Amino acid sequence: MAEAADFQGTSPSPARRWLRRTGALLAGAPLLAGLLQLPAASPAQAADIDETVAVSVDHLTPSVATDDDTLTVTGTVTNKSKQAVTDAQVDLRIGQELVTRSGIDTAAKATGYQPGTDGLPLGGKYVEKFDKLTPGVSQPFTISVPVDELDLDGNGIYQLAVSLTGETAAQGWPQVLGVQRTFLPYQPDDADTETRTTVLWPLISTAHMTAQTGSNEAQTPVFRTNDLIHEISPGGRLERMVALGEDLDVTWVVDPDLLASVDAMTDSYEILTEDGSDTVPSTKADQEIAKRWLADLQDAVAGHEVVALPFADPDLASLAHNGTAVTGSLGHLKEATDVAEDTVASILHVEPTTDFAWPVEGAVDPSIVKVATSAGAHNVIARSDSLQETAGLTYTPSAARPIGGGTTAVVADARLSTAFQGDMARASSSTLAVQRFLAQNLALNLQTDDQRTILVAPQRMPTASQAGALAAAVTALENSGWTQFQDLTTTTAAKPDPGATTKVPAKSAYPSKLRKQELQRSAFEQIATTQHKLDKFKVILSDESRVVTPFGRAMNRAMSTSWRGRATEAAAYRNDVEIYLDSLADSVSLIEKSETKLSGRSATIPVTVQNNLVQGVDNLVLRLTSTSPRRLKIDGAAYDEQPVTVNGGHSQTVKFTTSAEANGQAEVIAQLYTKDGQKYGPPVRFDVKVTEFTATVMLVIGGGFLLLVLAGFRMYTQRKRAARQAEEAGPENGSGTGPEAAEEAVTGPGNPEGPDERPEQESGADAGAGDPEQPSDPTPDTPAESADPSGTGERVDR
């Protein structure tokens, strides 16, 4: 930020303060003269002295001082050296007044004791003494002093140093062995002009839900891990965010995916095992935790503005830089925006605003702004270290900036927004961050008498300790006397500062650190491939919503900002989504067939379609094609096709009429198609062996029949001849006469059976055992549809 007198400086001190400190200097002159007689320490030795004792300021109350307050500072001192420190004393020092924001930055970076800058010790009763500090041992301290004893000069920011003075065996004279600096904002009276401030309170997490759902009617959701339950449990990050934010005047910024995930956890849900091969059920206790967190959140947001980000918080910069060239990527952003409002409204029972886009760390360029507004948002949350001031303003301008095309950039203050990005787990770190935040905020207010609007946009996913530090700072601001809070929409609608920059930085100015974390083009290409597969799969389903919704939301999650810096995990998530979709699509398939024999000129060939999904499939066409239509035709042509409908968990057999034109072997291909002509699944190929009756066979049969006729005629003539001979022989032969004699002449005396008698008939079971295959058996080898569930390999997840 450009600002007036952008250097570290001091304000003029009144006479009483000058006299008091001059008196202190004169009183200390004899001591100083004695010290001058001692050997001077080298710069290296001075640095070692400064590091001898670590001074920690753990608590400072009040954070903003007024005349009627008593300032209390608590902390610890730790001897880091290997020798004892004796005659140790902790002092408070009021240093110079800081009048610029850059001066505060400079003071915060300073290390080691700086005579003059750190000020003189208060002394007197406002000290804490230690006879001895043992090496490696920490000692607590508490010092309280009335604010009016500090001689502060009206509204302003004062450097407060806590120092440890003592002696060591190597250097046996009193010296400053350690110091810690912080800031003390002083506001005895309400400010003439209050800064209107908006603080964003983000509720955002990583992607937790998979595309998988149960096969039951409720479609039980499946989670990657159960990590989210830890975040919303008492003491967890998100639980603390809700508990802290409930009492703050903030604008809530929520990811609808987080709300949808927790809402899904209020009922039965499944969690993938570590190897992803199975799932385990959630517990009733976890479901109750989810219910309680949502109820607390509903109470917390009541009466506050709620901004809904697009579903799963898509990475706008990655889309702009790597995704726009991939067909369909912007369509996913539009879908994520469209479902955001309904998701938040149905779960939190508030009407959210969806008119804001929030690129990572507020870094913008023209392509990011274009993508951010492509789904309907008219406001982009930027940050002042990206949309930097170039007009030489002597103050921090208001947040709202028109940047063209009806779009408003709401520029968050970078110093305030990044104040709590470090490790806030230690009390000392949190206290120093809060005091620096308050100091910067007051310095901003004192820059001009014109009222301005300021936006604070912290990191997307603060830790519990970071959220606690931010909450402490916001609470202090609410009681500061120079700040007035308002919601984000009001800040956006405020009159823009005419001198503020409105030029969006070029694409080349985008930070390289952030660019390295982006999703690459290959990620968007994989998402597009998955979407294409989903489009082909959904058209055959009787209830496509059971698949389209969970997979659509999973692809939104695959584009989430939360994957930044986690490229391997992001790729694994995308792969899991695609693999699971493939497994569902493969659940509708053709059953493999072995070689088929065709006897005769025509026959039927059955082909079976198996559906291992829970729901039925429709809009499928089965095509059977002969690769040798001159040998084998399908319904009189090269191919035939029939519509297919299969209930969930069943199979359907489709019969095709074929006709043989010549003997030999023909390859046949069965292929499923969607009704729009797209191939569905792999084909099934099998051979058909044609063995029809030929002319040679007919000649053999005819010859056999002729032989039977000739044999019968021969028997007839033999009988006639035998009868005639018997008549001519007469009774002198001793033989009988008449028909009996004639018959005996033919059969012979030893054969009592006549020529028309046959051996006993074969049993019915054996009669047809040797019969040839029927040329056109109309009976199918499989039923039209099995009433039983399909067999091995059944998967009914959809």
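The structure contained in this document is the topic of the report that follows. Since we're looking at a predicted model, the values are computed, not measured.

So, how was this worked out
- Each chain has its residues counted from 1, following the order in which its sequence is written.
- This being a predicted model, a pLDDT of at least 70 is required before a residue's local features are given, and a value of 80 or more before pairs of side-chain atoms are given or counted; all residues contribute to the totals for chains, interfaces and linings.
- For side-chain calculations, the full set of non-hydrogen atoms in the structure is used, while hydrogens and water are omitted.
- For two strands to count as paired, DSSP must find a minimum of two bridges between them.
- Helical segments are the DSSP runs of H or I of at least four residues, strand segments are the runs of E of at least two, and each set is numbered from the N terminus.
- Axis geometry follows a simple rule: fit a line to the C-alpha atoms, using only the stretch in contact for helices, then measure angles between N-to-C directions, giving values from 0 to 180 degrees.
- Patch definition: residues above 30% relative accessible area lacking any salt bridge, with like charges linked at up to 9 Å and the nonpolar side chains Val, Leu, Ile, Met, Phe, Trp and Tyr linked at up to 5 Å.
- Each accessible area is a Shrake-Rupley result for a 1.4 Å probe, and residues are judged covered by the shown protein chains and nothing else.
- A pairing counts as a salt bridge when a side-chain nitrogen of Lys or Arg comes within 4 Å of a carboxyl oxygen of Asp or Glu.
- Charged-residue counts in this description rest on Lys and Arg as positive and Asp and Glu as negative, His and the chain ends being excluded.
- By convention, the point assigned to a charge is CZ for Arg, NZ for Lys, CD for Glu and CG for Asp.
- Buried means the residue's accessible area, taken with a 1.4 Å probe over protein chains only, is under 20% of the maximum for its type, while exposed means over 50%, and partly exposed covers the values in between.
- Residues are treated as being in contact if the distance between any of their heavy atoms lies within 4.5 Å.
- N or O atoms closer than or at 3.5 Å make up a polar contact, with two conditions inside protein: a donor-capable atom paired with an acceptor-capable one, and, for residues adjacent in sequence, both atoms drawn from side chains.
- Side-chain rings of Phe, Tyr and Trp, where Trp is taken by its six-membered ring, are said to pair if the distance between their centres is within 6.5 Å; with planes under 30 degrees apart they count as stacked, over 60 as edge-to-face, and otherwise as tilted.
- Each ring is checked for a lysine NZ or an arginine CZ that lies within 6 Å of its centre and within 35 degrees of its normal; such an atom marks a charge sitting over the ring.
- Working rule for angles: under 35 degrees goes down as roughly parallel, over 145 as roughly antiparallel, 65 to 115 as roughly perpendicular, anything else as oblique.
- By definition, turning the near helix anticlockwise from the far helix through less than a right angle yields a left-handed crossing, and turning it clockwise yields a right-handed one.
- Polar here means any residue outside two lists: the nonpolar Ala, Val, Leu, Ile, Met, Phe, Trp, Tyr, Cys and Pro, and the charged Asp, Glu, Lys and Arg; Gly therefore counts as polar.

The next thing to look at is the sheet that holds strand β27 (residues 651-660). The strand order across the open sheet built from four strands is β21-β23-β27-β25, with neighbouring strands paired in antiparallel fashion. The open sheet has two free edges, formed respectively by β21 (588-590) and β25 (632-634), since each of these has just one partner strand. In this sheet, neighbouring strand axes are inclined to one another by 30° on average, regardless of whether the strands run parallel or antiparallel.

There is a patch of like positive charges on the surface, built from Arg714, Lys720, Arg721 and Arg724. Mapping Arg724 onto the fold places it in helix α20 (residues 695-729).

Looking now at the pairing of strand β6 (residues 156-168). For β6, the tally of buried residues reaches 13 of 13 residues, placing the bulk of the element in the interior. Taken together, the ten bridges between strand β3 (residues 85-98) and β6 define a ladder with antiparallel strand orientation. Paired with Val85 across the two strands is Thr168, which belongs to β6. Pairing geometry for β6 and strand β7 (residues 175-186), over eleven bridges, is antiparallel. Considered in β7, the bridge of Leu160 is made with Thr182. The antiparallel pairing of β6 with β7 creates a hairpin that spans six residues between the two strands.

Before going further, it helps to examine the sheet that holds strand β13 (residues 279-281). On the basis of which strands lie adjacent, the open sheet formed by four strands has the order β9-β10-β12-β13 and mixed pairing. Every other strand in the sheet has two partners, leaving β9 (209-213) and β13 as the edge strands with one partner each. Within the sheet, the average angular offset between the axes of one strand and its neighbour, ignoring direction, is 35°. In this structure, β9 lies alongside strand β10 (residues 221-223), joined through two bridges in antiparallel fashion. Bridging across to β10, Thr213 finds its partner in Pro221.

Another point: the environment of Arg623. Checked against the element boundaries, Arg623 lands in strand β24 (residues 617-626). Each C-alpha atom, one on Arg623 and one on Ile669, is 8.0 Å from the other, the two residues being 46 residues apart in sequence. Each residue touching Arg623, except ones within four places of it in the same chain, is listed here: Tyr639, Asp640, Glu641, Ile669, Ala670, Gln671 and Tyr673. At 2.9 Å, the side chain of Arg623 forms a polar contact with the side chain of Glu641.

Here the structure, examined in full by the defined rule, presents five aromatic pairs. Relative to Tyr580, the ring of Phe551 has its centre 5.8 Å away and its plane inclined at 15°; by these criteria the two rings are stacked. Here Tyr580 lies in helix α19 (residues 567-585) and Phe551 lies in helix α18 (residues 545-557), a separation of 29 residues in the sequence. Of the two residues examined, Phe551 and Tyr580, each falls in the buried class. Geometry around Phe311 places Arg553 over its ring, the cationic atom sitting 5.6 Å from the centre.

Another aspect to go through is the packing of helix α7 (residues 256-265) against helix α8 (residues 284-301). The N-to-C vectors of α7 and α8 enclose an angle of 135°; their axes lie 8 Å apart at closest approach. The orientation of α7 relative to α8 falls into the category oblique. Our pair here, α7 against α8, has a crossing hand that is left-handed. Residues Leu258, Leu259, Val262, Asp263 and Met265 of α7 form the contact with α8, whose own contacting residues are Asp286, Gln287, Ala290, Trp293, Leu294 and Leu297. Class assignment for the residues of the contact of α7 with α8 results in eight nonpolar, one polar and two charged.

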